[in-house]
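Examination of the molecular architecture
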Amino acid sequence: MGYEKSIKAFEEAYRVIPGGVDSPVRAFSSVGGTPPFIERGESAYLYDIDGNRYIDYVQSWGPLIFGHCDSDIESAVMAAVKRGLSFGAPTTVETELAEEIVSLFDAIDKIRFVSSGTEAVMSALRLARGYTGRDDIVKFTGCYHGHSDSLLVQAGSGAVTFGSPSSPGVPADLTKHTLLAQYNNIESVEKCFAESEKGVACVIIEPIAGNMGLVPADEAFLEALRVLCDRNGALLIFDEVMSGFRASLTGAQGISSVKPDMVTMGKVIGGGMPVGAFGARAEIMAHLSPEGPVYQAGTLSGNPVAMAAGLASVSKLKRNPAIYATLGDRAEKLMRGFESAAEDAGIPLVTNVRGSMFGFFFSDKPVKNFEEALENDSEMFARFHKGMLDHGIYLACSAYETGFISTEISDALIDETIEAARSVMKAIAAA
Ligand SMILES: *Cc1c(COP(=O)(O)O)cnc(C)c1O
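None of the values given here were measured: they were computed from a predicted structure.

1. Notes on the overall build of the protein
For the protein, the count of helices and strands is 13 helices and 18 strands. Relative to the compact-globule value of 22 Å for 431 residues, the protein shows a C-alpha radius of gyration of 21 Å, a close match. Burial status across the protein gives 56% buried among its 431 residues. Within the protein, contacts between residues at least 6 apart in sequence are counted, and of these 72% link residues at least 24 apart. Accessible area for the protein stands at about 17,900 Å²; split by element, carbon and sulfur atoms hold 53% of it.

Take a look at the structure:
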């Protein structure tokens, strides 16, 4: 496969866009090489500007559960475009999408739409703090909740649980209220509660972590979190920006019996357009402006084109709930195939599947948290990624991401992908 045009396009982009990209992970820094510049998508495939075709397992990092250019979403968007791009005034399609989502989630009576997952989480945290009158929040290392200041934290020095900024430009004053716990480790959360002087407003978690590779939370751990939050008057927030409408029709809540106080969403609920949302029971949402005092706003929030795409996507999923069993079977088949290819090549590999989400680590032991995820062989991942790309398989360009199956990825395409994995792993083992 040739990448000449992409290499040139990347150089040109580099001159006017930092790193040549508008979101860092796209730059291929952790796997090396040049990211293919995409010309178009169609069904299961991406086409780059050099004319290469790839089976797409990234799907714009999750939103495209029906693959590229789904005709229902496309026609809903086209019709909305013809009526006007944005009004900054209420439209009925916002209520329709809200009703579709609210009716599915026990934990949500009301929902507000924003334009990204980052914005959804940032707003949810403000509401949790406003509602409880507390400042401290608990977050887990390895969980990603967007790039707002108080969430760009890493473990501080020594044994303290208070986070320090993970990026220049974030004042330590803004992260000192973020306490860091370890995923799937309830003692570490208890420690945060004990160390918080004025009380914890909320615990935010990806109930199915998809941003440290795919690492699901244990049911017992989620149950213990629920108890701990209740005992301390803290809210439990499930960040389902990725897992919502991905892990199941009702996200993690279709898999776990634990009910959060607040839920954040994004990705699939926008059908490929920029959308985020946060919801909770009515009593909590009543604290949000203009009903209550907690301020939150957005010029393009709930804009009609994004809402049309989201409504087409969500209502189609709701009409066809059996999709999830099919996607889950295909994800399982893919991971069983990778495992068998790895075993034959003598390469250690562990995998996870939750609905249409799949993940794998080049590691010889199961991964339960970020610290264990970091023990994977990321050099091996980079070689595997490059080999798969050259075979026309587009996987996320980092060992710490999740893969996605769309309805367009047939059993035959899964077989093709497993065959590619088999030859790439054989080549890696022989090198
Ligand atoms: C993607 C993601 C976000 C951020 O969403 P953006 O739309 O990229 O701002 C937040 N939380 C989780 C769990 C995500 O996967």
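Having seen it, we continue.
2. Thoughts on the domain arrangement of the protein
By domain assignment, the protein separates into domain 1 (4-69 + 322-430) and domain 2 (71-319). Each of domain 1 and domain 2 has a C-alpha centre, and these two points are 26 Å apart. In this complex, domain 1 contributes 31 residues to the contact, which on the side of domain 2 involves 32 residues. Buried surface at the junction of domain 1 and domain 2, summed over both partners, amounts to about 2,600 Å²; 61% is from carbon and sulfur atoms. Among the residues of domain 1 in contact with domain 2, Phe-66, Tyr-324 and Arg-354 are the three that bury the most area, contributing 25% of the side total. Joining domain 1 to domain 2, the criterion identifies 1 salt bridge.

3. Thoughts on the packing of helix α10 (residues 323-345) against helix α13 (residues 411-430)
Packing of α10 against α13 brings their axes to within 9 Å, and their N-to-C directions diverge by 20°. With respect to α13, the axis of α10 lies roughly parallel. Between α10 and α13 the crossing geometry is right-handed. Contacts between α10 and α13 pair Arg-330, Lys-333, Leu-334, Gly-337, Phe-338, Ser-340, Ala-341, Ala-342, Asp-344 and Ala-345 from the former with Asp-411, Ile-414, Asp-415, Thr-417, Ile-418, Ala-421, Arg-422, Met-425, Lys-426 and Ala-429 from the latter. Here the contact of α10 with α13 is composed, by residue class, of 10 nonpolar, 3 polar and 7 charged.

4. Details of the site of the ligand
Taken together, Ser-116, Gly-117, Thr-118, Tyr-144, His-145, Gly-146, Glu-206, Asn-211, Asp-239, Val-241, Met-242 and Lys-267 form the complete shell of residues around the ligand. Separating a nitrogen atom of the ligand from a backbone N or O atom of Tyr-144 is a distance of 3.2 Å. In this structure, an oxygen atom belonging to the ligand sits 2.7 Å away from a side-chain N or O atom of Lys-267. Alone, the ligand offers 380 Å² of accessible surface; in the complex the protein occludes 83% of this.

5. Some details on the sheet that holds strand β18 (residues 403-404)
As summarised here, the arrangement of the 3 strands in space is β15-β16-β18, forming an open sheet in which the pairing is antiparallel. The sheet is open, and its two borders are formed by β15 (350-354) and β18, each paired with just one other strand. Both strand β16 (residues 357-361) and β18 contribute to a ladder of 2 bridges, which runs antiparallel. Bridge pairing in β18 links Met-357 to Phe-404. Each of β15 and β16 touches α10; the most contacted strand, β15, lies at about 175° to it.

6. Overview of the pattern of salt bridges
The full count for this structure, using the stated rule, is 21 salt bridges. Two residues, Lys-176 and Asp-173, come together in a salt bridge whose shortest N-O distance is 3.8 Å. The exposure class assigned to Lys-176 is partly exposed, which follows from its relative accessible area of 43%. Look at Asp-173 and you get exposed, because its relative accessible area is 54%. The closest approach of N and O atoms between Asp-390 and Lys-386, which form a salt bridge, is 3.1 Å. In this pair, Asp-390 and Lys-386 are both assigned in helix α12 (residues 378-390), 4 residues apart and thus about one turn of the helix distant. The exposure class of Lys-386 is partly exposed, given its relative accessible area of 41%. Three or more residues joined by partner-sharing salt bridges are found here, namely Arg-226, Asp-230, Asp-261, Arg-281 and Glu-283.

7. What about the pairing of strand β9 (residues 200-205)?
Every regular strand shows the same layout, with side chains that alternate between the two sheet faces. Burial analysis of β9 places 6 of its 6 residues in the buried class, which makes it a mostly covered element. Sheet topology note: the strand β5 (residues 136-140)/β9 ladder contains 3 bridges and is parallel. The residue bridging Ile-137 from the neighbouring strand is Cys-202, located in β9. Inspection of the sheet shows β9 paired to strand β12 (residues 235-239) by 4 bridges, in the parallel sense. When the sheet's bridge partners are listed, Ile-205 is paired in β12 with Phe-238.

8. Examining helix α6 (residues 186-195)
For α6, the set of buried residues is Ile-186, Ser-188, Val-189, Cys-192 and Phe-193. Along the axis of α6, the buried positions cluster into a sector of 160°, meaning they face one direction only. Facing away from the buried side of α6, by more than 90 degrees, are the exposed residues Glu-187 and Ala-194. The inward-facing, buried residues of α6 contact β5, β8 (178-181), β9 and α7 (219-232).

Each value, and the rule that gives it
- Residues numbered from 1 in each chain as written.
- Predicted model: local features only at pLDDT ≥ 70, side-chain atom pairs only at ≥ 80, totals over all residues.
- Heavy atoms only, no water.
- Helix = DSSP H or I, 4+ residues; strand = E, 2+ residues; numbered from the N terminus.
- Rg over C-alpha atoms; globule rule 2.2 N^0.38 Å.
- Buried < 20%, exposed > 50% of the residue type's maximum accessible area, 1.4 Å probe, protein only.
- Contact = heavy atoms within 4.5 Å.
- Areas by Shrake-Rupley, 256 points an atom, 1.4 Å probe, with all protein chains shown as cover.
- Domains from an automatic or database assignment.
- Buried area = accessible area lost by both parts, 1.4 Å probe.
- Salt bridge = Lys/Arg side-chain N within 4 Å of Asp/Glu carboxyl O.
- Axes fitted to C-alpha atoms, helices over the stretch in contact; angles between N-to-C directions.
- Parallel < 35°, antiparallel > 145°, perpendicular 65-115°, else oblique.
- Left-handed = near helix turned anticlockwise from the far one by under 90°.
- Nonpolar A, V, L, I, M, F, W, Y, C, P; charged D, E, K, R; others polar.
- Near = heavy atom within 4 Å.
- Polar contact = N/O pair within 3.5 Å; in protein donor to acceptor, adjacent residues only side chain to side chain.
- Pairing = 2+ DSSP bridges.
- Arc of directions from axis to C-beta.

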